[in-house]
Each structure stands twice: as C-alpha cells, then as structure tokens.
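So you can see what is in the structure, the chains are spelled out below.
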Amino acid sequence: MKGGFVTLEGIEGAGKTTVAAALISLLEGRGCTVQATREPGGTPLAEQLRSVLLSRGAETISPVAETLLMFAARSVHIENRIRPALARGEWIICDRYTDATRAYQGAGRSVDIDLIEQLAKAVHAGVEPDLTVLLDLPVMVGLERARQRRLARGEDVVDRFESETIEFFERVRSAYLNLAAGAPQRFVVIDATQPLEAVIDAAQAALSNMLTRRGEG
Ligand code: Z5A
C-alpha cells in the first residue's frame, strides 16, 4: 500500500487529538507505517517556533509575522519530516496544516488570502493532504471543552490563541466550513458534538472510503 497524508482541522476542543489516535490505529491495523505529527511543530526546530507562536510574551506579533512564522515552521516540518516520510511510502496524520492558516490567520486575523496562497505554493507545492477531516462544532462547545480540560489538568494559563474572542473563533469556524464546501473531494466534515465514539466511527469510515477509492480498501 502506498502512503498518504491526512490532516485534522477544527476549532479548539473539537477532538482532533483523540480522532488522530483512532486513524493511526486503523492504518496500523492494515500494516501501514504511520507518523502522528502536528502544526505548528512536528520537528525539534518547528516545536521551538511553536513555543514562540503560542506563548504570550511582552512583544506584539503582527498577523503577518504570525503567518510567516507558521509557514517557516511548516517549511521545516515538511522538508525534515513530511516529505521524507511520504517518499518512503509512510502515512502522515497531521493535527492542523495550511487550512488552519487560511482559517486562523486569513479569516481570524484578516491576513490577505492571496499572500497565504502564495506562501503555501512556495512552501509546499506538491505536498497537499489526500484527506482533511474537519471536526465541526459550535464555538461555545469547543471553548467549554478546552476550559474543562484545563481545569482537569490544573492549568491556569491560556495561550495566545486560547485568549482570543468568541467572534474570532466564529470567523475561524465559518472559514473552515467554506473551505470544506469549496473542496468536497478532499474534506470530510464531521459533527463533533456527537459522542466521541460516533465521531471516531465517522472519521475512520472517511479514511476507509478513501482507501477504497484508491483501490486499497
Ligand atoms: N494555528 C494557527 O493559528 N495557524 C496555523 O497555521 C496552525 C495553527 C497550524 C495550536 O493548535 C494553535 O495554533 C491553535 C491554532 C493555531 N490554537 N487554537 N485554538 P493546537 O491544535 O495544538 O491546539 P488546539 O486546537 O487548541 O488543540 P486542542 O484544544 O487540543 O483541540 P483538539 O485536539 O481538537 O481537542 P482534544 O484534545 O482531542 O479534545 C479536547 C477535549 O474535549 C478533551 O478533553 C476531549 O476528551 C474532549 N472531547 C473531544 N471530543 C469529544 C466529544 N465528541 N464529546 C465530548 N468530549 C469530547
């Protein structure tokens, strides 16, 4: 079986981390070699850029600077990890990718979408997801899940994104749904308010369907 590239997207608290584990288990059950990774991050250097992007320091990071840093991290990630793994015929399950930049920096922070597409072309022409699973849920539900998780872990700090307004996350959610509507051959949208088992079943079915379409089902 040849490898593939699957991305998971959605607002905070959508369940991406949990669903990623279920997709890995399906692929490993079929004998595939799978790497789970995330953005921003995924390599030691890209994880350093993640810390810069998420931490709330004294200096302002402009929306354009944030976009450039996202793509810098992505470029490091692609060249050191994603491209080599795909070339070896492995699978990549990635928690967020360029659709997150389109949604968060483009819609959330009003960065010019043409600039984002130019950077995407420069950084990863030819490295596009085969399947994108969008976990969709109302903003308030996602934020409440994230808040509960922080409480359970005893964390009392929020990062640069978690401290954003509800309106910001509404723009991000709408942008994701528009992206999905514009590329139905790549996206599968799952109602993430369903019980976790139902969300996992739907995500695994989407991946199985993709394998079947590729003649590998
Ligand atoms: N960002 C960006 O702006 N531009 C970019 O290009 C990229 C990223 C790549 C870090 O991302 C931030 O980077 C992100 C966007 C920005 N900030 N935000 N928001 P991240 O992916 O690392 O962070 P995150 O989105 O905040 O991840 P998360 O909160 O961990 O979300 P999740 O992985 O989707 O959720 P989860 O951990 O699987 O689940 C959250 C909780 O809900 C957990 O307790 C689960 O048990 C529970 N859960 C999940 N599903 C269910 C269901 N169905 N029912 C009940 N409970 C559930």
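Bear in mind that the values here come from a model prediction, so they are computed numbers and not experimental data.

1. Remarks on empty space enclosed by the protein
Now for step 1: By the definition in use, this model includes one cavity of 30 Å³ or more.
Now for step 2: Estimates place the volume of the largest cavity at around 30 Å³.
Now for step 3: As for the largest cavity, its lining consists of Gly10, Ile11, Leu134, Leu135, Asp136, Leu137, Arg173 and Tyr176.
Now for step 4: For the lining of the largest cavity, the secondary-structure elements that each account for two or more residues are β4 (131-136) and α7 (166-182).
Now for step 5: With three residues, β4 is the largest single contributor of residues to the lining of the largest cavity.
Now for step 6: The residue inventory of the lining of the largest cavity, partitioned by class, reads five nonpolar, one polar and two charged.

2. Quick look at the nonpolar core
For soluble globular proteins, nonpolar side chains are generally found buried alongside one another.
Now for step 1: Trp91, Ile93, Tyr104 and Leu207 are the most contacted members of the largest nonpolar core, which has 44 residues in total.
Now for step 2: The element contributing the most residues to this core is helix α1 (residues 16-29), with seven residues.
Now for step 3: Beyond its immediate sequence surroundings of up to four residues, Tyr104 is in contact with Gly10, Ile11, Glu12, Arg96, Arg109, Phe161, Phe168, Phe169, Val172 and Tyr176.
Now for step 4: One finds Phe71, Ile116, Ala120 and Val123 within the second-largest nonpolar core, a separate group that totals 14 residues.

3. Some thoughts on the packing of aromatic side chains
Now for step 1: Within the structure shown, the criterion is met by five aromatic pairs.
Now for step 2: Considering the side-chain rings of Tyr104 and Phe161, the 6.0 Å spacing of their centres and the 90° angle between planes classify their relative orientation as edge-to-face. Taken as a pair, Tyr104 in helix α4 (residues 98-108) and Phe161 in the loop between α6 (139-153) and α7 lie far apart in primary sequence, 57 residues in all. Phe161 shares its class with Tyr104; the two are buried.
Now for step 3: Through a chain of ring-to-ring contacts, three or more aromatic side chains come together here, namely Tyr104, Phe161, Phe168, Phe169 and Tyr176.

4. Side note on the sheet that holds strand β1 (residues 4-9)
Now for step 1: A sheet is described by the order of its strands in space; here five strands give the open sequence β2-β3-β1-β4-β5, paired in parallel fashion. Sheet topology places β2 (34-38) and β5 (187-191) at the edges, where each strand pairs with a single neighbour. Across this sheet, the average inter-strand angle for adjacent strands is 20°, counted without regard to direction.
Now for step 2: Relative to β5, β4 is paired through five bridges, and the arrangement is parallel. Directly across from Thr132, in β5, lies its bridge partner Phe187.
Now for step 3: The strands touched by α1 within the sheet are β1, β2, β3 (91-95) and β4, with β3 carrying the most contacts at an inclination of about 170°.

5. Let's talk about the site of the ligand
Now for step 1: The full set close to the ligand counts 26 residues, and Thr17, Arg50, Arg96, Thr101 and Arg149 are the nearest of them.
Now for step 2: Within the side chain of Gln105, a nitrogen or oxygen atom sits 2.9 Å from a nitrogen atom of the ligand.
Now for step 3: Note that a nitrogen atom of the ligand is positioned 2.9 Å from one of the backbone N or O atoms of Gln194.
Now for step 4: Contact with the protein chains hides 84% of the accessible area of the ligand, taken as 1,100 Å² for the molecule alone.
Now for step 5: Those elements that provide at least two residues to the shell around the ligand are α1, α3 (63-87), α4 and α6.
Now for step 6: Per element, the largest residue contribution to the shell around the ligand is four residues, and it comes from α4.
Now for step 7: Its residues placed into classes, the shell around the ligand shows 10 nonpolar, seven polar and nine charged.

6. What about the environment of Arg102?
Now for step 1: Along the chain, Arg102 falls in helix α4.
Now for step 2: For the pair formed by Arg102 and Ala120, sequence separation is 18 residues and the distance between their alpha carbons is 9.8 Å.
Now for step 3: Apart from residues lying up to four places away in sequence, Arg102 is in contact with Ala107, Ile113, Ile116, Glu117, Ala120, Leu179 and Arg186.
Now for step 4: There is a polar contact of 2.7 Å between the side chain of Arg102 and the side chain of Glu117.

Calculation criteria
- Residues numbered from 1 in each chain as written.
- Predicted model: local features only at pLDDT ≥ 70, side-chain atom pairs only at ≥ 80, totals over all residues.
- Heavy atoms only, no water.
- 1 Å grid on protein atoms, 1.4 Å probe; cavity = no way out; pocket = protein on both sides within 12 Å on 5 of 7 lines; lining within 4 Å.
- Points joined across faces, edges and corners; volume = space filled by probe spheres on them.
- Helix = DSSP H or I, 4+ residues; strand = E, 2+ residues; numbered from the N terminus.
- Nonpolar A, V, L, I, M, F, W, Y, C, P; charged D, E, K, R; others polar.
- Core = buried A, V, L, I, M, F, W, Y, C linked by side-chain atoms within 4.5 Å.
- Buried < 20%, exposed > 50% of the residue type's maximum accessible area, 1.4 Å probe, protein only.
- Contact = heavy atoms within 4.5 Å.
- Phe/Tyr/Trp six-rings, centres within 6.5 Å; stacked < 30°, edge-to-face > 60°.
- Pairing = 2+ DSSP bridges.
- Axes fitted to C-alpha atoms, helices over the stretch in contact; angles between N-to-C directions.
- Near = heavy atom within 4 Å.
- Polar contact = N/O pair within 3.5 Å; in protein donor to acceptor, adjacent residues only side chain to side chain.
- Areas by Shrake-Rupley, 256 points an atom, 1.4 Å probe, with all protein chains shown as cover.

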